[in-house]
Amino acid sequence: MADEVLTHNRTLESIDKSNADCDEDMRRAASNVATDAGLIGRGHVELTEEDNKRIRQKTDKVILSILVWVYFLQILDKSVLGYGSIFGLQKDTGLKGNQYSLVGSIAPIAQLAWQPFSSILIVKVPHRILMPCLVLGWGIAQTAMAGCKNYSSLLVTRFFLGLFEAGCLPLFSVITNQWYRRAEQPIRVAAWYSTNGLATIVAAALSYGLGHIPSETLKSWQIIFLFVGLVTIVSAPFVYWKLDNSITTARFFTPHEKLQAVERLRANQTGIGSRVFELSHLYEILLEPKTYLWISMSLLLNVGASVTNTFGPLILSGLNYNKYITSLLNMPFGLLQFILILLSSYLAQHYRLKSPILLALVLPVIAGLAILFALPRSHSNTAPLLVGYYLLAFLFGSNPLIVSWIVGNTAGTTKKSVMMSLYNAGSAAGNIIGPLLFNSKDAPSYHPGLRAVLGIFVALAGVILLQVGVLVVLNKRQGNRRVKNGKKRNIRDVSMENEYVGIEAEGEGVGEHSFDLTDGMNDEFVYIY
C-alpha cells in the first residue's frame, strides 16, 4: 500500500508542475481527472477526521470564496434592471406596454437557448478557463447596457447577459459536488446562493447612493449599470488566477492531500469529474421520472423568483414612496433572503432532510401572495403589504435546497452537468413566464399575475411530495438490486454523516465504483430525501 501511495504521489507531483497557459490547462484537464480517479479507485487511502477538516478548510478558503464572489456578481448584475426602472429607465429608453417585461424576459430566453451548449462546456472545458470567460462576457454585456438608448439595444445587451450567465448555476452546482461531501453540500450551496440576499441589499444601497450623483452626461440608471459592469469585468482575471480545475490539479493541496481529498468523496458515489461527455448518461436522464420533477420544481419556483427580481421594486413603488425610499425598502427583503437561505440549508444539513424544509418554506410564500392579492394599495395598508412582500423572501431558501438535493441524488459528471443544465433551463423558463404574467396596465395591484403565481406555488408543494415518493421507490429498488447481486440490502449512507466515516466500514468492496458509475448504474447508491 505504501508503494502504491508513493506511486500516486509521484504521479500527482508531475501533474502539479504545469502550467502556464490555457493550452496547458486544456491538455491537463482532458486527461488527468479521470485517470487519477481510476488510480484512487484501486485502493483506499487513510484519512482521519483531522485530515478531513483540514482539507475542507483549504477548499473553503479558495474554491468557496470564488463561488461566493462570482455568484454575488451574477445576481447583482441581474437585479439592477429593477432599480434602473425606478430611476427612469423606461422613460429614457421609450419603453411602452409589455416592452419592459420583454427586456426582463430576454436574458432567461438566452439562458434557455444556451443550456444544451452549457452542459457540454461544463464537461469539456476546464473550469479555470470557463468561469472567467463567463464572468468577462456578462460583465461586458452589463457595462454595455449603460449605453442603451432604446428598446432594441436593451434587448441585445440583456440577451448576451443571459447567455453568459447561462452556465453559472449548473457550473457552480457541479463544482460544489466535485469538491465536497454530500453532508457538506447544502450549506456550501447556501453560502454562494445566499448572495441573492446580499446582492439585493448592495443593489439597493448602490442605487440609493449612485442615484444621488449629479451628472449632466449620464442618467442615474446608466451610472448604476456602468459601475456594477466594470466591477464584474475586473474580477475575471482574479478568478482565473485563483481557481483550480479539480482536486487532482489543485495547487493548494500537497500531493498526499490530493489523494485524501479524493478519498473523502468516495462515499458520495457521485464522482470527482471527467472531461468525457457520456451519451449514455444523457439517455439515462431522459428516461428517469425524477428528472422531470426536478425541472418542474425549478420552473414553478422561479416563476415566483422572477416576480421579486423584476417587479419587486415596482410593486414597492406602488406604495407611493419616492424613488430613493423605494430602493431602500428592498434592503430588509435582501436581509431576509440571506438569513432564510442560510437557516434553511443549515437545518437541512443538521437533520439530513431537504423535502420537509422545502415544504415549510413554500407555506409563507403562499401567505405573502395571498396578502398582496387581497389588500388594496393604500397608505393605510402599507405595513401589511410590506409584510406580504417580505414573506416572498422565503422562496429563496428553496432553490439552494433543490440544487443540493439534485446534485446529491445524481452521479456521473455528464449526468450532473446535463441535469443541472436542465434545471437551469426550467429556471430560465420560469424567469421568462414570470414577468409576462404581469402587465403594466394591471399596476399597481397586479392582481392577475399574483393570482397565477399563487396557484403555481400550491402546485410546487404537490411536486415536492411526489418527488419524495419517487425517491422512496428508487431506494427500495436499489435494495432489491443489492440482494440480487449478493450484497446486504441496506447500506448506511456515510456521506451524510457530519463527521468523516470511511465507506469501507460498510463492507469489503463497497465504494469500488464510486467514481465511474451513475446513480442508476450503481446499486450501492443511496438516494436522499
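Residues numbered from 1 in each chain as written. Predicted model: local features only at pLDDT ≥ 70, side-chain atom pairs only at ≥ 80, totals over all residues. Heavy atoms only, no water.

Moving on, we come to the packing of helix H10 (residues 195–210) against helix H11 (residues 220–242). Where H10 meets H11, the axes come as close as 9 Å, and the angle between the chain directions of the two elements is 130 degrees. In terms of orientation, H10 lies oblique with respect to H11. For H10 against H11, the interelement crossing comes out right-handed. Here H10 contributes Leu206, Ser207 and Leu210 to the contact with H11, which in turn contributes Ile223, Ile224, Phe227 and Val228. Residues belonging to the contact of H10 with H11 are distributed by class as follows: six nonpolar, one polar and no charged. (Axes fitted to C-alpha atoms, helices over the stretch in contact; angles between N-to-C directions. Helix = DSSP H or I, 4+ residues; strand = E, 2+ residues; numbered from the N terminus. Parallel < 35°, antiparallel > 145°, perpendicular 65-115°, else oblique. Left-handed = near helix turned anticlockwise from the far one by under 90°. Contact = heavy atoms within 4.5 Å. Nonpolar A, V, L, I, M, F, W, Y, C, P; charged D, E, K, R; others polar.)

Quick look at the layout of surface pockets now. Estimates place the volume of the second largest pocket at around 160 Å³. Lining the second largest pocket, in full, are Arg352, Leu353, Asn475, Asp493, Met496, Glu497, Val526, Tyr527, Ile528 and Tyr529. Here the lining of the second largest pocket is built from residues that sort into six nonpolar, one polar and three charged. (1 Å grid on protein atoms, 1.4 Å probe; cavity = no way out; pocket = protein on both sides within 12 Å on 5 of 7 lines; lining within 4 Å. Points joined across faces, edges and corners; volume = space filled by probe spheres on them.)

This brings us to the nonpolar core. Within the largest apolar cluster, 126 residues are counted, with the highest numbers of intra-cluster contacts made by Met131, Phe172, Trp179 and Phe457. Broken down by element, this core gets its largest block of residues, 16 residues, from helix H3 (residues 49–86). Excluding residues within four positions of it along the chain, Met131 makes contact with Ile66, Leu67, Val70, Leu171, Phe172, Ile175, Val239 and Leu243. (Core = buried A, V, L, I, M, F, W, Y, C linked by side-chain atoms within 4.5 Å. Buried < 20%, exposed > 50% of the residue type's maximum accessible area, 1.4 Å probe, protein only.)

Take the side chain of Glu284 next. Note that Glu284 resides in helix H13 (residues 279–287). Within the structure, Glu284 has its side chain in polar contact with the side chain of Lys415 (distance 2.5 Å). (Polar contact = N/O pair within 3.5 Å; in protein donor to acceptor, adjacent residues only side chain to side chain.)

Looking now at the pattern of salt bridges. Counting across every chain of the model gives 17 salt bridges. The salt bridge involving Arg266 is made with Glu263; its shortest N-O contact spans 3.0 Å. For Asp442, the salt bridge identified is with Lys441, shortest N-O distance 3.5 Å. Here the salt bridges share partners, and the residues they tie into one network are Glu284, Glu288, Lys290, Lys415 and Asp519. (Salt bridge = Lys/Arg side-chain N within 4 Å of Asp/Glu carboxyl O.)

With 19 residues, helix H6 (residues 127–145) ought to run about 27 Å at 1.5 Å a step, and its terminal C-alpha atoms sit 27 Å apart, in line with that. For H6, the buried fraction is high: 15 of the 19 residues fall into the buried class. (Expected span 1.5 Å × (residues − 1).)

On to a nonpolar patch on the surface. A cluster of nonpolar side chains, namely Leu279, Tyr283, Leu286 and Tyr292, defines an oily patch on the protein surface of about 430 Å² accessible area. A per-element tally of the nonpolar patch places H13 first, with three residues. Mapped onto the fold, Tyr283 is located in helix H13. (Patch = residues over 30% accessible without salt bridge, like charges linked within 9 Å, V, L, I, M, F, W, Y side chains within 5 Å. Areas by Shrake-Rupley, 256 points an atom, 1.4 Å probe, with all protein chains shown as cover.)

What follows concerns the environment of Leu436. By the element assignment, Leu436 lies in helix H20 (residues 413–436). Classification of Leu436 by relative accessible area gives partly exposed; the value is 42%. Remark: the alpha-carbon pair of Leu436 and Leu102, spanning 334 residues in sequence, is separated by 7.4 Å. Sequence-distant contacts of Leu436, that is, excluding residues within four places in its chain, are made with Ser101, Leu102 and Ser105.

Before going further, it helps to examine the confidence of the model for the protein chain. A residue-level look at the protein chain finds 86% of positions with pLDDT of 70 or above and a mean pLDDT of 84. Looking over the protein chain, one finds the lowest element-wise mean pLDDT in helix H1 (residues 2–16), namely 41, and the highest in H6, namely 96. (pLDDT = per-residue confidence, 0-100.)

Moving on, we get to H20. For H20, which comprises 24 residues, the first-to-last C-alpha distance of 35 Å matches the rise-based estimate of 34 Å (1.5 Å per residue) to within 8%. Burial of H20 is extensive: 21 of the 24 residues sit out of reach of the surface.

Another point: the environment of Ser246. Within the fold, Ser246 resides in the loop between H11 and helix H12 (255–263). Judged by its relative accessible area of 4%, Ser246 falls in the buried class. A C-alpha to C-alpha distance of 7.7 Å links Ser246 and Trp179, two positions 67 residues apart in sequence. A polar contact of 3.1 Å, which involves the side chain of Ser246, links it to the side chain of Thr248.

Backbone geometry places Arg352, a non-glycine residue, at a positive phi of 60 degrees. With relative accessibility at 34%, the residue Arg352 sits in the partly exposed group.

What follows concerns the side chain of Asp60. Of note, Asp60 is situated in helix H3. The contact partners of Asp60, leaving out residues within four places of it in the chain, are Ser65, Tyr180 and Arg188.

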